[in-house]
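Residue-level structure breakdown
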Amino acid sequence: MDLSDYEWQLKRPVRMRANDFEREGRLKHVLFASQFNRSLLDKLCAMADKIRELSKSKQGSDDLRHLLSHKRAMLYFTQPSTRTFLSFMAACQILGLTCNEVRDPSTSSEVKRESPLDSIRMFSSYFDIIIMRSKLPDFAECCAYLMNDLERQERRSVPIINGGAGTDQHPTQALLDVYTIQRTFQFDHHEGTRRSRFHDLRRKYTDLTLGPDRKVYAFCGDLGRGRTVRSLVELLSLFEGVTMYFIAPNHETLQLDVDLRNRLVDAGINLHEFDSLDATLDGVPILERLDCLYMTRIQREHNSSQQEAEIGSLDLAPFLLTPERVARMKSYAPILHPFPRDSVVQEIPTDIDQDPRAMYFRQARNGMWARAALLVHLFNVVDDLYDLYDQAFKDGSDSNTRTR
Ligand code: NCD
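The structure reproduced in this document is the subject of the present report. None of these values were measured; they are calculated from a predicted model.

Definitions and cut-offs
Residue numbers run consecutively from 1 along every chain, following the written order of its sequence. Whole-chain, interface and lining totals are the exception, using all residues; otherwise, since this is a predicted model, local features are given only for residues with pLDDT of at least 70 and side-chain atom pairs are given and counted only at 80 or more. Each side-chain value is worked out from all heavy atoms of the structure, with water and hydrogens disregarded. Paired strands, in this sense, are two strands between which DSSP finds at least two bridges. Here a strand is any run of E in DSSP of at least two residues, a helix any run of H or I of at least four, and the numbering for each starts at the N terminus. Convention adopted: a line fitted to C-alpha atoms gives each axis, helices being fitted over their contacting stretch, and angles between N-to-C directions are expressed from 0 to 180 degrees. Every residue pair with non-hydrogen atoms within 4.5 Å of one another is taken to be in contact. Nearness here has a simple test: a residue counts as near a molecule or strand if at least one of its heavy atoms is within 4 Å of that partner. Identification of polar contacts relies on pairs of N or O atoms within 3.5 Å, with a donor-acceptor requirement for protein atoms, meaning one able to donate a hydrogen and the other able to accept it, and with residues adjacent in sequence counted only if both atoms are side-chain atoms. Computed with the Shrake-Rupley method and a 1.4 Å probe, the accessible areas treat only the protein chains shown as cover for residues. With respect to orientation, any angle under 35 degrees is reported as roughly parallel, any angle over 145 as roughly antiparallel, any angle of 65 to 115 as roughly perpendicular, and every other angle as oblique. For any pair of crossing helices, the crossing counts as left-handed if the nearer helix is rotated counterclockwise from the farther one by less than a right angle, and right-handed if it is rotated clockwise. Buried Ala, Val, Leu, Ile, Met, Phe, Trp, Tyr and Cys residues form a nonpolar core when they are joined through side-chain atoms within 4.5 Å. Partly exposed residues are those whose accessible area sits between 20% and 50% of the maximum for their type, while under 20% is buried and over 50% is exposed, using a 1.4 Å probe and protein chains only. Reported domain spans reflect what an automatic or database domain assignment gives. The handedness rule is simple: strands pointing away from the viewer, and a clockwise path from the first strand over the helix to the second, make the crossover right-handed.

1. Some thoughts on the sheet that holds strand S4 (residues 98–102)
One open sheet accounts for four strands, arranged S4-S3-S5-S6; its pairing is parallel. The outermost strands of the open sheet, each flanked by one partner alone, are S4 and strand S6 (160–165). If you compare each strand with its neighbour and ignore which way they point, the axes differ by 15 degrees on average. Here five bridges tie strand S3 (residues 72–77) to S4, and the two strands are oriented parallel to one another. The residue bridging Arg72 from the neighbouring strand is Thr98, located in S4. The sheet contacts of helix H5 (residues 83–94) involve S3, S4, strand S5 (129–134) and S6, and relative to S3 the element is tilted by about 180 degrees. Here helix H7 (residues 139–152) sits on the sheet in contact with S3, S5 and S6, set at roughly 165 degrees to S6.

2. Points about the site of the ligand
By nearness alone, every residue bordering the ligand is listed as Thr84, Arg133, His170, Gln173, Arg227, Thr228, Arg297, Gln299, Pro338, Phe339 and Pro340. One nitrogen or oxygen atom from the side chain of Arg297 is found 2.6 Å from an oxygen atom belonging to the ligand. Pro338 places a polar main-chain atom, nitrogen or oxygen, 2.9 Å from a nitrogen atom of the ligand. About the coverage of the ligand: the protein hides 92% of its 320 Å² of free accessible area.

3. Brief notes about the packing of helix H8 (residues 171–184) against helix H10 (residues 227–236)
Put simply, H8 and H10 touch, their axes get as near as 8 Å, and they point 55 degrees apart. When the interaxial angle is binned, H8 and H10 end up oblique. As H8 packs across H10, the resulting crossing turns out to be right-handed. For the pair H8 and H10, contact is made by Pro171, Gln173, Ala174, Leu175, Asp177, Val178 and Ile181 and by Thr228, Ser231, Leu232, Leu235 and Leu236, respectively.

4. Remarks on the nonpolar core
Within the largest apolar cluster, 82 residues are counted, with the highest numbers of intra-cluster contacts made by Phe36, Leu95 and Phe219. Split by domain, the residues of this core number at least three in each of domain 1 (4–169 + 367–392) and domain 2 (172–364). If you look at the next biggest cluster of nonpolar residues, it comprises 26 residues, including Tyr6, Met74, Tyr145 and Ile160.

5. Quick notes on the pairing of S6
With respect to burial, S6 is a largely interior element, six of its six residues being buried. One crossover worth recording links S5 to the parallel S6 by way of H7, and it is right-handed.

In structure tokens:
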């Protein structure tokens, strides 16, 4: 088998492909964002909360570490990664999985002309899950087809998780972004009770509702090549009454892909495109309208030499956040960024980090809980997690609100 053998499968409509990656309503592999539905997102966010709560005590952490202590994970990251790699590793450690890593293919037998698919099958001999990042957009999906073929032949097969595929998809980043948005719009992360803070906000912002529904989301920067944006907008389109603003420089490479734009419009998303953070809509500055701002860096590493010259000469000032611009935003509107941010271009200068709306470090930490929840789902130990939680908090009343 080589990658070209899977071409016909890759060309099928996304719904058919997604069917190949689930079993009895549970994900088998995680390749792209549209595999998630609203109910699964709610369950994963609820589990992430439980894992976070349990982790606060030594007893809870010790118990969590027994959940998957009989499993081993391979982190195969041949493209640069800090947060995704480390937070997956931390998520594995929280649940007791043993981790191993290959980050540089020159240290693997690929230098002896082993095919990448042979490497993957070899990993599956030693490990129980493969979490991977590749510069090839379809590689993780091909690996999942390989695992499905092996399963049909009653051979050993393990789940594949896509930790970032080329410029295409980054489903687990989207998951942690939604988790962060969901937690932010519970308004429970500041001093005071949830009730009083939300009620204060409701007095000022009379239309404000809890949760990700009925919000205005703005995405700014490299929207053409930002795989995190591509995946996140797919997840947010599952929520009700969502509006999306796309703010990108006037260069085809950086703007929202036409296919994705059409899909969003078909999904009923109220969508607007702008060429500056200072733009207005119906006379009102978009900065004053938005409920959540998702910043991204310009992904120069993907530039061709022609793009290097063209994009290098663009004026990026209208796409950079400044304290003045932040001051115009609603007092609760979170600022997200998948990171890394560009320390030269400074789409988010460090003097914004102190602002309570700056959510990007919290967002990165949420990746650990959200990815741990995904592992609990994939290994089907959801009931064990809830049993641990109920045991730890048996005096609390939370057990009535669980969504397994
Ligand atoms: C992003 C990525 O790798 O796609 N980072 C991440 O995973 N947190 C965004 C980027 O590289 O700009």
